[in-house]
Amino acid sequence: MHKQSSMLLILLAAMLWGTTGTSQAFAPEAAHPIAIGAVRLAVGGLFLLSLVLLTGKLTLKDWPLPTIFLAALSMAAYQPLFFSAVLMTGVAVGTVVAIGSAPIFSGVIEWLVLRNRPGTIWWLSTLLSIAGCLLLVMNQASVSVDPFGIVLALGAGMSFAVYTFVSRDLVKTHPPLSVVAVVFTLSALLLSPLLFLFDLSWVFSLRGAGISLHLGVFATGVAYLLFARGLAHVSSSTAVTLSLGEPLTAALLGVFVLGETLSLLSWVGILLLFCGIGLLIWSSRSTRQPDILELAKEKHS
């Protein structure tokens, strides 16, 4: 698969993630955000497991158990960390800190583990995208900053960066569908105790069931499958930067679906996000960067 096509798959995954906020806006009032996250992961894991069993692509041989567990633990940790951060410090600050910190964590992880220093284009596109996120949330009328909420948001960003890094290694040796099915099934099992801590009666309403299916099947199952397919040909730091298409999509859906209004600064933020993501995709056409895993193997050989 061409590198640019892989980037587009990841961007499409981010767009599907961006529908999460709009979907939650239509969820029943009794739906707690953390419960929504747990249900989303449970439905997504069940969908992916069913899909991989129906296609007969699940193999149980040669799985690196520590890597699989780390990927599952990272994804399971992301859900409560992110939603708790949003509850404590607000949607705007929680989202920007979590999503905006993930590319930085990802670049640092690649630098420390693979000795691969991110290039100038990556830094420029990442800084443009993060600046765009910051301007985007300045549209919020009130912003509260809870120090512990910030720590939780940073933990969510780190969790997503670790998930992306270890998943990239997994999709190099196993089919992407098998990887996401195994990882998300384990993640759902790890988060299953949360399902008993909250009222889940809203799931059985028509609207609640529809929201749960959308979040689980499309915003989780399909989205992470696309993400995994693209991840096989794109570095983890690039993939996480492209995932900043999530707040961009969420903002545009808020305007065109929920009837929200954005300030001039927020529209400038959207423009910067477009520039940052576009620069990263454009750079894949003009330069062919060597695979960072191959570079790491050469250095250790």
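Structure shown above.
Residues numbered from 1 in each chain as written. Predicted model: local features only at pLDDT ≥ 70, side-chain atom pairs only at ≥ 80, totals over all residues. Heavy atoms only, no water.

Caption draft 1: The overall build of the protein chain, seen in detail. Helix and strand counts for the protein chain come out as 13 helices and zero strands. When its helices and strands are written in sequence order, the protein chain yields α-α-α-α-α-α-α-α-α-α-α-α-α. A globule of 301 residues ought to have a C-alpha radius of gyration of about 19 Å, and the protein chain, at 18 Å, matches this closely. Counting only C-alpha atoms, the protein chain reaches 55 × 45 × 35 Å along its principal axes. Burial status across the protein chain gives 53% buried among its 301 residues. Of the roughly 13,900 Å² of accessible surface on the protein chain, 71% is carried by carbon and sulfur atoms. Counting 14 positive and 11 negative side-chain charges, the protein chain places the averaged centre of each group 11 Å from the other. (Helix = DSSP H or I, 4+ residues; strand = E, 2+ residues; numbered from the N terminus. Rg over C-alpha atoms; globule rule 2.2 N^0.38 Å. Buried < 20%, exposed > 50% of the residue type's maximum accessible area, 1.4 Å probe, protein only. Areas by Shrake-Rupley, 256 points an atom, 1.4 Å probe, with all protein chains shown as cover. Lys, Arg positive; Asp, Glu negative; His and termini not counted. Charge placed at Lys NZ, Arg CZ, Asp CG, Glu CD.)

Caption draft 2: Representation of the environment of F160. With respect to the helices and strands, the residue F160 is situated in helix α7 (residues 147-171). The residues touching F160, leaving out its near neighbours within four places in the chain, are W17, Y78, A102, Y224, F227, V240 and S243. (Contact = heavy atoms within 4.5 Å.)

Caption draft 3: Representation of the packing of aromatic side chains in the model. For the coordinates displayed, the defined rule picks out twelve aromatic pairs. Arranged with centres 5.2 Å apart and planes meeting at 55°, the rings of W17 and F227 form a pair that is tilted. Placement of the pair is W17 in helix α1 (residues 3-17) and F227 in helix α9 (residues 206-231), with a sequence separation of 210 residues. As far as the burial class goes, W17 and F227 line up, both buried. (Phe/Tyr/Trp six-rings, centres within 6.5 Å; stacked < 30°, edge-to-face > 60°.)

Caption draft 4: Summary view of unusual backbone geometry. Of note, the phi angle at R115 is positive, near 55°, even though the residue is not glycine. Looking at where R115 falls in the secondary structure, it is placed in the loop between α5 (91-114) and α6 (120-137).

Caption draft 5: Geometry of the packing of helix α3 (residues 33-55) against helix α8 (residues 176-191). Interhelical geometry of α3 versus α8 gives an angle of 145° and a closest axis separation of 8 Å. Handedness of the α3/α8 crossing: left-handed. Facing A38, L41, A42, G45, L48, L49, L51, V52 and T55 of α3, the residues of α8 in contact are L177, S178, V180, A181, F184, T185, S187, A188 and L191. Residue composition of the contact of α3 with α8, grouped by class: 13 nonpolar, five polar and no charged. (Axes fitted to C-alpha atoms, helices over the stretch in contact; angles between N-to-C directions. Left-handed = near helix turned anticlockwise from the far one by under 90°. Nonpolar A, V, L, I, M, F, W, Y, C, P; charged D, E, K, R; others polar.)

Caption draft 6: How the structure looks around α1. For α1, with 15 residues, the first-to-last C-alpha span of 21 Å sits near the 21 Å given by 1.5 Å per residue. Among all positions of α1, only S6, M7, L9, I10, L11, A13, A14, L16 and W17 are buried. (Expected span 1.5 Å × (residues − 1).)

Caption draft 7: A look at a nonpolar patch on the surface. The grouping of I104, V108, W111, L112, V113, W123 and L127 at the surface amounts to a nonpolar patch, some 620 Å² of accessible area in total. Those elements that provide at least two residues to the nonpolar patch are α5 and α6. A total of five residues in the nonpolar patch trace back to one element, the largest contributor, which is α5. Positionally, W123 belongs in helix α6. (Patch = residues over 30% accessible without salt bridge, like charges linked within 9 Å, V, L, I, M, F, W, Y side chains within 5 Å. Salt bridge = Lys/Arg side-chain N within 4 Å of Asp/Glu carboxyl O.)

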